[in-house]
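Read off the chains here:
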Amino acid sequence: MYRLFVAIRPPAEQRAHLLSLMAGVEGARWQDDDQLHLTLRFIGEVDRHSANDIADALAGIRFAPFDIHLDGVGSFDRKGVVDTLWAGVQPRDPLAALHRKIDRACVSIGLEPESRAYLPHITLARFGRAGGFIDPFLARHAGLSGTPFRVGSFHLYESRIGHGGATYHPIEEYQASS
Ligand code: 3AM
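Residues numbered from 1 in each chain as written. Predicted model: local features only at pLDDT ≥ 70, side-chain atom pairs only at ≥ 80, totals over all residues.

**Focus: the overall build of the protein chain**
Counting its secondary structure elements, the protein chain contains four helices and nine strands. Its helices and strands taken in sequence order, the protein chain reads β-α-β-β-α-β-β-α-β-α-β-β-β from the N to the C terminus. Relative to the 2.2 N^0.38 estimate, which gives 16 Å for 178 residues, the radius of gyration of the protein chain is 16 Å and therefore close to what a compact globule would have. Overall, the protein chain is about 45 × 35 × 25 Å in size when its C-alpha atoms are taken along their principal axes. Burial statistics for the protein chain: of 178 residues in total, 27% are counted as buried. In the protein chain, once contacts between residues fewer than 6 apart in sequence are set aside, the share between residues at least 24 apart is 77%. (Helix = DSSP H or I, 4+ residues; strand = E, 2+ residues; numbered from the N terminus. Rg over C-alpha atoms; globule rule 2.2 N^0.38 Å. Buried ≥ 20, exposed ≤ 12 C-beta atoms within 10 Å, placed from the backbone. Contact = placed C-beta atoms within 7 Å.)

Now the structure itself:
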């Protein structure tokens, strides 16, 4: 089985900016450079046959390149405890439009449609069950604003869960139309 998701790989200078933010939160498991990505659509566990179908369906997606920039920081909670610390991106509309195209491609090959609201973000850190105290981090980086960068492609990634957490492996890249 393959655990798949579709994501944008931020360019090196944006990743360097993100890595420079990663300090000062106890209990944070900071993402490393290889792990930094902007999820467009989580797919989950599929067999080889479905993985090939997904790769083919994604190849049929047409989208024009667009620019986004880092914008602010935020967090997700699970069971009332902070679970994920992330950097935001703007504008969200072209990302949401691409998310919908990818969702339609997934549905076309028999996957369930996305049921959760899509909030584009780049995960910076994850937390164990004890969570973490992130208020100073959120206050310090509320004004985060990066230089615009072009989204000219997206990737199909495989997530492999190992002893040290998940590693992410780009297995296919899909280019914008023009
Ligand atoms: O982009 P991030 O790092 O927030 O949280 C997981 C990660 O998102 C998310 O998919 C990305 C690659 O692993 N993810 C994992 N399980 C998920 C699920 N069941 C999920 N997203 C939605 N539903």
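There is more to say after this.
**As for the site of the ligand**
The immediate surroundings of the ligand are formed by Phe 5, Thr 39, Phe 42, Thr 84, Thr 123, Ser 159 and Ala 166. When the residues that make up the shell around the ligand are grouped by side-chain class, the tally is three nonpolar, four polar and no charged. (Near = placed C-beta within 6 Å. Nonpolar A, V, L, I, M, F, W, Y, C, P; charged D, E, K, R; others polar.)

**Side note on the pairing of strand S9 (residues 165-175)**
Sheet topology note: the strand S8 (residues 153-162)/S9 ladder contains 10 bridges and is antiparallel. From the neighbouring strand, Phe 154 faces S9, where its bridge partner is Tyr 174. Turn length for the S8-S9 hairpin, with the two strands adjacent in sequence and antiparallel, is two residues. (Pairing = 2+ DSSP bridges.)

**Observations regarding the packing of helix H2 (residues 48-59) against helix H3 (residues 93-108)**
Packing of H2 against H3 leaves a shortest axis separation of 9 Å and a crossing angle of 135°. When the axes of H2 and H3 are compared, the pair comes out oblique. Of the two possible hands of crossing, H2 and H3 adopt the one that is right-handed. In contact with Ile 54, Ala 57 and Leu 58 of H2, H3 contributes Ile 102, Ala 105, Cys 106 and Ser 108. (Axes fitted to C-alpha atoms, helices over the stretch in contact; angles between N-to-C directions. Parallel < 35°, antiparallel > 145°, perpendicular 65-115°, else oblique. Left-handed = near helix turned anticlockwise from the far one by under 90°.)

**Digging into the environment of Ile 54**
Secondary-structure assignment places Ile 54 in helix H2. Ile 54 sits in the buried class, given 25 other C-beta atoms within 10 Å. In sequence terms Ile 54 and Cys 106 are 52 residues apart; their C-alpha atoms lie 6.4 Å from each other. With residues up to four places along the chain from it excluded, the contact list for Ile 54 reads Leu 4, Ile 43, Val 46, Cys 106, Ile 109 and Leu 156.

**A short note on the nonpolar core**
Of all hydrophobic cores here, the largest spans 37 residues; its most connected members are Val 6, Leu 85 and Ile 122. When residues of this core are traced back to their parent elements, those giving at least two are strand S1 (2-8), strand S3 (38-46), H2, strand S4 (66-78), strand S5 (81-90), H3, strand S6 (121-126) and S8. The contacts of Leu 85, once residues within four sequence positions are left out, are Val 25, Ala 28, Val 73, Ser 75, Leu 124, Ala 125, Ile 134 and Phe 137. (Core = buried A, V, L, I, M, F, W, Y, C linked by C-beta atoms within 7 Å.)

**Thoughts on the environment of Glu 114**
If you trace the backbone, Glu 114 turns up in the loop between H3 and S6. Taking C-alpha positions, Glu 114 is 9.5 Å from His 99, a pair spaced 15 residues apart along the chain. Not counting residues up to four positions away in its chain, the partners in contact with Glu 114 are Arg 41 and Asp 103.

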